[in-house]
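Commentary on secondary and tertiary structure
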Amino acid sequence: MASGPGLIRSVVATPLRLAAAGVFGFAAFIKIGDPQAFGLSIQTFDFMPDHLVHVSAFAIPWIEMAVGVLLVLGAWSRAAALVYTAMLASFTLLVYVTLERGLSIECGCFGKLKLMCDGTISSCNLVQNGLLMGIGGLVMLLGPGRWSVDDLVRRARLGESRLRQTQLGETQLGEA
Amino acid sequence: MAKRLLSESSGLAGSGGLVWERTLNRALWIAAIGGAAGVAHSVFQPITLERDEQAARDYGVAVFGGEEAIPAVSGNAGNDAAGIADITAANEPPAFDARAGSENQASADDAPVHATAPEPDCDGLWVFEEDISLEQGWCAWQAGTFVFFDARPYEEFEAGHVDGAFHVTGDMLSSGEPEALTVAFPEDPVIVYCVGGDCSDAKAVVIGLQQRGYTSLHIMTDGYPGWDALGYPTAAGPGMFLSGLEPDTDTDTDGGDDTDDTDGGDGGDGGGPGDPEDASREDPSGEGL
């Protein structure tokens, strides 16, 4: 029976990781399916030249997809959560700057997926992104939780380490 | 606590720094792999981002504002519009569509075609900076979710104004609460205009509205002369709400009755499906776009 941090990981970390994976995975799936729409959505923010918009229209969804897949599997979870949080921080900054500029535009942050906010971007998007970043931060802090590739690898390494320690102890005992 | 959790979850007690270094390296790998996949995707499914160039080519406007200014539309341009039929009377205002977003923009297809300027592609003009172009103002007018405030002196407003606009000046805002403000909630999108140019009158109104909590305020910088020159809908008369600043209300043809419509049509002031008043009532969220 897990206890302490192990219990936290079991109860909290896994659903948080899967929630983050779901958000990014689904958003990426939509954006990858319609890069034209996502490109125009980025262009609407008017914060980068068109050639960078073009690159971003493809790179961002695929990075999100990579993050989503890794988070679902629980492989490289902390790194994936770091990318997830960093991307959300960038999006949040962009939303803030856009609000400061007084632009009235649709977010397109998660494709057609509407989480908390609908319509044009507003402070609601800042709150929403803040909550999502909080999830990413917790995944980074707590790790992948149970039922993850990282956890399996960790257990295997711990087992290997204990085996080596046992063998080392037996060797030293034999030499003595 | 964080270090303990980190060590516990990584299985590497006392190696927090190493864990983070490894995490950062992996994060860079994830970004690189995702980026490479994106580049590969772009080869197989190229996209075109020509919306702004298209709009600039067709209408000579900068979709997002900035350096590519709209060709100046001065009051003299009215000479070119001498032969323009008054489309205010000739065309019915577009049916107000309370649906939000692209549906509103789609409804613009049914809107009247004005006489001189090319019909702007509103889909490419929905990025509203503080200052907006005449074409953006036209798109907003068609959408029906924006309230138009005319910041010019009353005589000029009475002589002609954007169809459906309300007369609100900086003086009115500094001396009291103009009745026209009742048509717009603070969260409603508002477009203010004056005579163009420096547009200090419109700026004064914007400041007054900001002090009252209005958040979505835009100045149509080319003002009424530009609007009129392009043949967009106009109306004449005292408007729905008298400001109290008009020079001689006794000479008003309708006796100052706020509710009368001297131009004989509901498209004149305050009425009509495309009227911002209706819009502000039906779409108080101000998110119609």
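Position numbers for residues count from 1 along each chain, tracking the sequence in the order it is written. Chains carry letters and ligands carry numbers; both start at the beginning, A for chains and 1 for ligands, and go up in the order they are written. With pLDDT at 70 or above as the cut-off, local features in this predicted model cover only qualifying residues; side-chain atom pairs require 80 or more to be listed or tallied, and sums for whole chains, interfaces and linings still use all residues.

The helix and strand tally for chain B stands at 11 helices and 7 strands. Taken over 289 residues, chain B has a buried fraction of 46%. Contact criterion: two residues are in contact if their C-beta atoms, reconstructed from the backbone, are within 7 Å. For chain B, the share of sequence-separated contacts (at least 6 apart) that also reach a separation of at least 24 residues comes to 71%. Only runs of H or I of at least four residues qualify as helices and only runs of E of at least two qualify as strands under DSSP, and these elements are numbered from the N terminus. Exposure classes come from backbone-placed C-beta atoms, where a residue is buried if 20 or more other C-beta atoms lie within 10 Å of its own, exposed if 12 or fewer do, and partly exposed in between.

Attention shifts here to the overall build of chain A. A count of helices and strands for chain A gives 6 helices and 1 strand. Mapped in sequence order, the helices and strands of chain A form the string α-α-α-α-β-α-α. Of all 176 residues assigned to chain A, the portion counted as buried reaches 43%. Partitioning the contacts of chain A with sequence separation of at least 6, the portion at a separation of at least 24 is 71%.

Bringing helix α6 (residues 134-143) of chain B into the picture now. Residue and element names in this part refer to chain B. Where burial is concerned, most of α6 is hidden: 10 out of the 10 residues are buried. Within α6, burial applies to L134, E135, Q136, G137, W138, C139, A140, W141, Q142 and A143. In the stretch just after α6, G144 is the one whose phi turns positive, near 80 degrees.

A few words on the environment of V205 of chain B. All names here are of chain B. Secondary-structure assignment places V205 in helix α9 (residues 200-211). Among the residues examined, V205 registers 28 C-beta atoms within 10 Å and is labelled buried. Residues V205 and D171, spaced 34 residues apart in sequence, show a C-alpha to C-alpha distance of 8.3 Å. In contact with V205, not counting residues within four places along its chain, are F149, A151, V168, T169, G170, L173 and V192.

With respect to the helices and strands, the residue G143 of chain A is situated in the loop between α5 (123-142) and α6 (149-175). G143 of chain A sits 64 residues away from A79 of chain A along the chain, and the two C-alpha atoms are 9.7 Å apart.

Residue and element names in this part refer to chain B. Confidence scores labelled pLDDT are given residue by residue by the predictor and lie between 0 and 100. When pLDDT is averaged across chain B, the result is 62; 49% of the residues are at 70 or more. Ignoring residues within four places in sequence, the model shows residues 10-14, a span with pLDDT below 50, making 10 contacts including any to other chains. The low-confidence segment residues 243-289 (pLDDT under 50) makes 113 contacts with residues lying over four places distant or belonging to another chain. As scored by the predictor, the complex reaches a pTM of 0.49 and an ipTM of 0.83.

So, about the nonpolar core. Formed by 44 residues in total, the largest nonpolar core has its most connected members in A20, I63, V67, A80, V83 and Y84 of chain A together with I30 of chain B. Listed by contribution, the elements that provide at least two residues to this core are α1 (5-33), α2 (35-45), α3 (50-73), α4 (77-101) and α5 of chain A together with α2 (16-44) of chain B. Among the elements that make up this core, the one with the highest residue count is α3 of chain A (12 residues). Setting aside anything within four residues of it in sequence, one finds Y84 of chain A in contact with A20, F24, V67 and G136 of chain A. Judged by nonpolar contacts, the second largest core, of 43 residues, contains I132, A140, L173 and Y214 of chain B. For the purposes of this analysis, a nonpolar core is taken to be any set of buried Ala, Val, Leu, Ile, Met, Phe, Trp, Tyr and Cys residues that are connected through C-beta atoms within 7 Å.

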